[in-house]
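# Structural description and commentary
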Amino acid sequence: MAKPGDVLLFSVVRRDHRPWFLLLNAAVATTGGLLLPAALAGAVDMALSGEFVLFTVVWLLLLAATEIVGDAIGIVLAATITSRATAWLRRELSRKLLSLGHPSPFAAGDAVSRVTGDCGNAGGIAVTLITLLVTAVSSVGAVVALALLDWRLAVVFAVSVPLAMLLVRTHMQLTADDVLAYQEVSGDVSARLLDAVSGRRTIAAAGIAGHETERVLRPLPRLAAAGAGMWRTQAKMMWRAGLLLPAVEVAVLVTAGFGVMEGRLTPGDVLAALGYAALGMGVVGQIPQLTALERTRASATRIAEVLGTEVPARPAVLPGAGVLELREVTVGTALRDVTLSIPAGSFAAVVGRSGSGKSTLAAVLGGLSAVDSGTVRRDGAIGYAFERPALLGTTIGRSIGYGTDSDEIQVRDAAVAAQVHDVLIRLPQGYETPLADAPLSGGEVQRIGLARAIIRDPEVLVLDDATASLDTVTEAKVDKALTTALPGRTRVVVTHRPATAARADVVVWLDDGRVRGTGTHRELWEHEDYRAVFTGGE
Amino acid sequence: MRFYLSTLAGHRRGVLVLLGWSMLEGIPAFFGGRLVGTAVDKGFAAGNPLAGVLWLLSFAALAVVGALGQRQVFARLGAVVEPMRDALVTRIVRGVLSDPTHRRTPDASAVAMITRHVEVVRDATAGVLVQARALLVTTVAALIGIATTAAALIWLVVLPIVAALVLFGLLLPSLAKRQRDAVMADERTAEASGAVLTGLRDVAACDASAEAYRDVARQVDQQARATVTVAWANALRATVIAIGGFAPIALLVAFAPPLVASGQLTTGAVLAAVVYLTNSVNPALHGLARTTSTVVMRLMVALKRLQEAAPRTDGAIGAETPANGEFVLRDVTFGWSPDAEPVLRGLSLDLRPGDHLAVVGPSGIGKSTMASLLTGLMPPGNGSVLFGGAPVDQVTPAVRHHAIALIPQETYLFTGTVRENLTLLAPRATDEDLVEAAKKVGATPLLDRLGGLGAKLGHGGEGLSAGEAQLLALARVFVTSASVVILDEATSHLDPAAEARVERAFAQREGILVVIAHRLSSALRANRVLVMDGGKPLLGTHEHLLKTSALYGQLMLAWDPTHREETPLPKR
């Protein structure tokens, strides 16, 4: 049954020429391997004759060397093919996930596991397929070799082939469900752990680590059940395989024994027959590869799911002075029929109770989120700052210049404007400190996030509660510096603070996803409900 | 590693049963070559086909026994491997969640890494149990088999194998190093993609997908190169093992002719020796090479990484009992390290039931440290934090956790019903209690929107705004009987009105309320204010501080720089 991931796997195999080399190498090594039992038979017969023949021994050594060297080359080639394919898939998937942008239809943890885990599985497709192919070919070759020794051997052996095929088929159906269940439950445990880790301070302060450990681990029995199912399947397979191989061997040996008795075969040929029977049954030894193939296909499906997701249309940034216009914009239930216009160079504050749609409005105004209906007209480049920015890039300095080609001086200037320069120069390696090693508080991260917006010198600044963790003194300084560093820019500021709203040219007052009113802070202050947004209706 | 072995030892019975069954598996390996040799010697070559067939049938019977053993081994593998994985996951999760340092909070990618390593340990353990065990049983059985059938040739067989194994052992360290490098590269890939994928919003906002892609692609490509380097090392060790496995066969056929000629070796003995080598010893050796170099290395690296992710925590557990519900802080000083500037210096403070303290000060000054000291999460560097007369970090954990509740800025919500989330700290609370608590903190509209207490929440409070998540966290603590409540910027995502409502609700409860203030309006509602500014902390009422502290005045001024009468400071 074709899965959506199969097309992807096909393109993975096709895009590299190395699988052909691996195939060629495997052809040589397999040929060596197929000739080896015959050469061994010849050598044993030579030994039994009590006479040393140099050529026979050299031929045996040559074939063995071919097989050994071929295997060694095969290991390196296989690793190269798999790692290149994995890297390609990871790059493609990352590119796609990045282009899907924000908000992503795939949760972060899930996306990471697709990039790290699933790409690794799917990258092995070419090697898995070639291994299966080579095994099949060498099995057929072994049957031919048996026939060349004595046609009876081949007939006896051929009877066992349908049995092997039957074995392979049932296996494919048995494992898929368990493998999928195992992957799902494993993902659930991870997501639960991530939840708990984010709330670690709550857990520590309440002393409920034990309790929460249990909560995280609640799906474990299902995981163990799925795992046990996989082992049981394996056990059944091994049992059948374990029976099949000796049964075939004995059948071949008996046939060969009569051959020896009737003078058709030499004692050495008995060994050759045994060797070819083992080679021919190699397919059965590839059962783990079939599990791997199943897992590969499941992973490829998960990758294809991402790659097949349509990228939402995002209008290009038009050059301009920073005019923002919304007409009857609706986004889910967060924003409803919002119409407003913010002229270039003005300072707009967005206020409203928690959950009234402020962040969504900011995201729409900045072009970060697509809208369900209505029209958005914007021009000018956007600089964003968030309440909780995720700092990205290699070093602290890079995290400020992230996505731009700004130099050290520009980075430093932006940091100065955001009132964070003094903090950064005290870090272990200053601006060169790797992000992971920088101990930063929430307020410091916020100011770096501001610097990141400032450095882009945008026409429009969207500050989504970006100074919420700053105390009012620091906030006032940042505000002043922002006005100095970027004068005359359009500013959209989501805020909870009346002082900020009072400074704005226009206040957009949101209530339950709708614009309840626009005007200056002074005008809106007449409304009792507006005052209640700030004072709690005292 | 020790943990791993002790866990395995914990399933000793399972492992022993496994080993018992593998003895069965070794039987065909021990008799296989000999029976084939005898079948030819005494049967087919002697012109007695019946004897030959019978010998071969006994070979078949033994193979059935061996297969039965193998089946049992695999069926019982789950009984060892799955509980081992469960124990490992349990320990890791508990370790991560109980880690008291909070300095290295694992993020999404770290969690993904943990999951991956646990899978490696599971697969590798199964691999080792299957392969290494089979190798041992088969090789030993087969070597004994050779020794009993073709004793004259035993050294030709044993020496190359031993030589190959020694050489293989010598290669192991470099192999291990490369393997470790590859695993590190793997982790860096996970880190890089984790950082970018959890920060997608910011990547989009910075229009930086090109740079984000470059950062990820660099690690991805490095990882690919490291994998190939490992493959070269693996190819070398495979060659060593293959030569070691084939040499005995070549030596055997080369040295056998004179022995056969002199009658020391029969046809059957030569056949038996070759069958032993090709059918038992060689496959086992290849298995060993595969298992040790890849599986065991990965296993060890994964175990080491897991241990780092979840350090063993064995902090001493206090057993003091507080005499009352009062806090007494004397000369408390706290710094993150002896060299660092202290976050808190010489703080003395008494808190009695009914007190409502607000802690204010500039960002990043370490106000949260106060919360950690009061909850006993960290002991003070100098001075004492006494709760009911006992050092708070030494109070019996059950008593302390029951009496003191902390609500941090970052909310903990998990997948489950709203009810489960709200009863986290008060398992015996009734639905009426929960609804009442939600009403008090102003979460009733949220509760209605979600669809009541039975509504399901997704992972990480999916679909809730940060403010809504905070409301649930507040209601969760409100419903407890904690006598000390510490709000560590717990209302930062609420609007001022909602914040005021929450603080008033908590202030009306009996006991002590400490508000690590996010907005200065919190100070106006408190009956005492602690100002933290890096120097000696200032303590007093709002009015007193306005008169005596320039910093406090400045803070208040900045809060309302316009001095518009329309935006007055909230009244007390």
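This structure is a prediction, so every number in the text was calculated from the model and none was measured.

### A look at the packing of helix α5 (residues 125-149) of chain A against helix α10 (residues 267-280) of chain A
All names here are of chain A. The contact between α5 and α10 brings their axes to 8 Å, and the two run at 155 degrees. In this view, α5 runs roughly antiparallel relative to α10, as classed from their interaxial angle. With respect to the hand of their crossing, α5 and α10 are arranged in left-handed fashion. In contact with S138, S139, A142, A145, L146 and L149 of α5, α10 contributes D269, A272, A273, Y276, L279 and G280. Per-class residue counts for the contact of α5 with α10 are eight nonpolar, three polar and one charged.

### With respect to unusual backbone geometry
Negative phi is the rule for most residues except glycine; trans is the rule for most peptide bonds. Residue and element names in this part refer to chain A. A positive phi angle, close to 45 degrees, is found at E328, a residue other than glycine. With respect to the helices, strands and loops of the structure, E328 is situated in strand β1 (residues 324-331). Looking at E328, the relative accessible area reads 51%, which means it is exposed.

### Quick word on the UniProt feature "transmembrane region" (unreviewed entry) in chain A
All names here are of chain A. UniProt feature "transmembrane region" (unreviewed entry): in the numbering of this structure it lies at residues 20-40, 52-81, 122-145, 151-168, 241-261 and 273-293. Helix makes up 93% of residues 52-81 and strand 0%, whereas the separation of the span's terminal C-alpha atoms amounts to 44 Å. Annotated as 96% helix and 0% strand, the span residues 122-145 places its first and last C-alpha atoms 35 Å apart.

### Topic: the nonpolar core
Core analysis: the biggest nonpolar cluster contains 80 residues, and V44 and L60 of chain A together with L265 of chain B have the highest contact counts within it. Here this core gets 14 residues from one element, more than from any other, and that element is helix α8 (residues 267-309) of chain B. Not counting the four nearest positions on each side in its chain, L60 of chain A is found in contact with L36, A39, L40 and A43 of chain A together with F246 and V253 of chain B. One finds I203 and M230 of chain A together with V15 and A126 of chain B within the second-largest nonpolar core, a separate group that totals 54 residues.

### Examining the UniProt feature "transmembrane region" (unreviewed entry) in chain B
Residue and element names in this part refer to chain B. Under the present numbering, the feature "transmembrane region" (unreviewed entry) in UniProt falls on residues 50-68, 126-146, 152-172 and 235-256. Split by type, residues 126-146 is 100% helix and 0% strand. Its first and last C-alpha atoms lie 30 Å apart. Along residues 152-172, the helical share is 90% and the strand share 0%, with 33 Å between the first and last C-alpha atoms.

### Examining helix α13 (residues 358-365) of chain A
Residues and elements named next belong to chain A. The buried count for α13 comes to six of eight residues, which makes it a mostly enclosed element. Along α13, the positions that sit buried rather than exposed are K358, L361, A362, A363, V364 and L365. Trailing α13 by a residue or two, G367 shows a phi angle of about 80 degrees, which is positive.

### Thoughts on the interface of chain A and chain B
Listed by partner, the interface residues are 137 residues for chain A and 156 residues for chain B. Regarding the contact of chain A and chain B, the summed buried area is about 12,700 Å², with carbon and sulfur atoms giving 69% of it. Broken down residue by residue, the surface that chain A buries against chain B is led by R200, R201 and W231 of chain A, which jointly contribute 7%. The interface formed by chain A and chain B contains four salt bridges. Looking at the side of chain A that touches chain B, the element that brings in the most residues is helix α9 (residues 220-261) of chain A, giving 22 residues. Partitioned by chemical class, the residues of the side of chain A that touches chain B number 73 nonpolar, 38 polar and 26 charged.

Reading guide: rules and limits
Residues numbered from 1 in each chain as written. Chains lettered and ligands numbered in written order. Predicted model: local features only at pLDDT ≥ 70, side-chain atom pairs only at ≥ 80, totals over all residues. Heavy atoms only, no water. Axes fitted to C-alpha atoms, helices over the stretch in contact; angles between N-to-C directions. Helix = DSSP H or I, 4+ residues; strand = E, 2+ residues; numbered from the N terminus. Parallel < 35°, antiparallel > 145°, perpendicular 65-115°, else oblique. Left-handed = near helix turned anticlockwise from the far one by under 90°. Contact = heavy atoms within 4.5 Å. Nonpolar A, V, L, I, M, F, W, Y, C, P; charged D, E, K, R; others polar. Buried < 20%, exposed > 50% of the residue type's maximum accessible area, 1.4 Å probe, protein only. UniProt positions renumbered as here; feature names shortened; annotations may be inferred. Core = buried A, V, L, I, M, F, W, Y, C linked by side-chain atoms within 4.5 Å. Buried area = accessible area lost by both parts, 1.4 Å probe. Salt bridge = Lys/Arg side-chain N within 4 Å of Asp/Glu carboxyl O.

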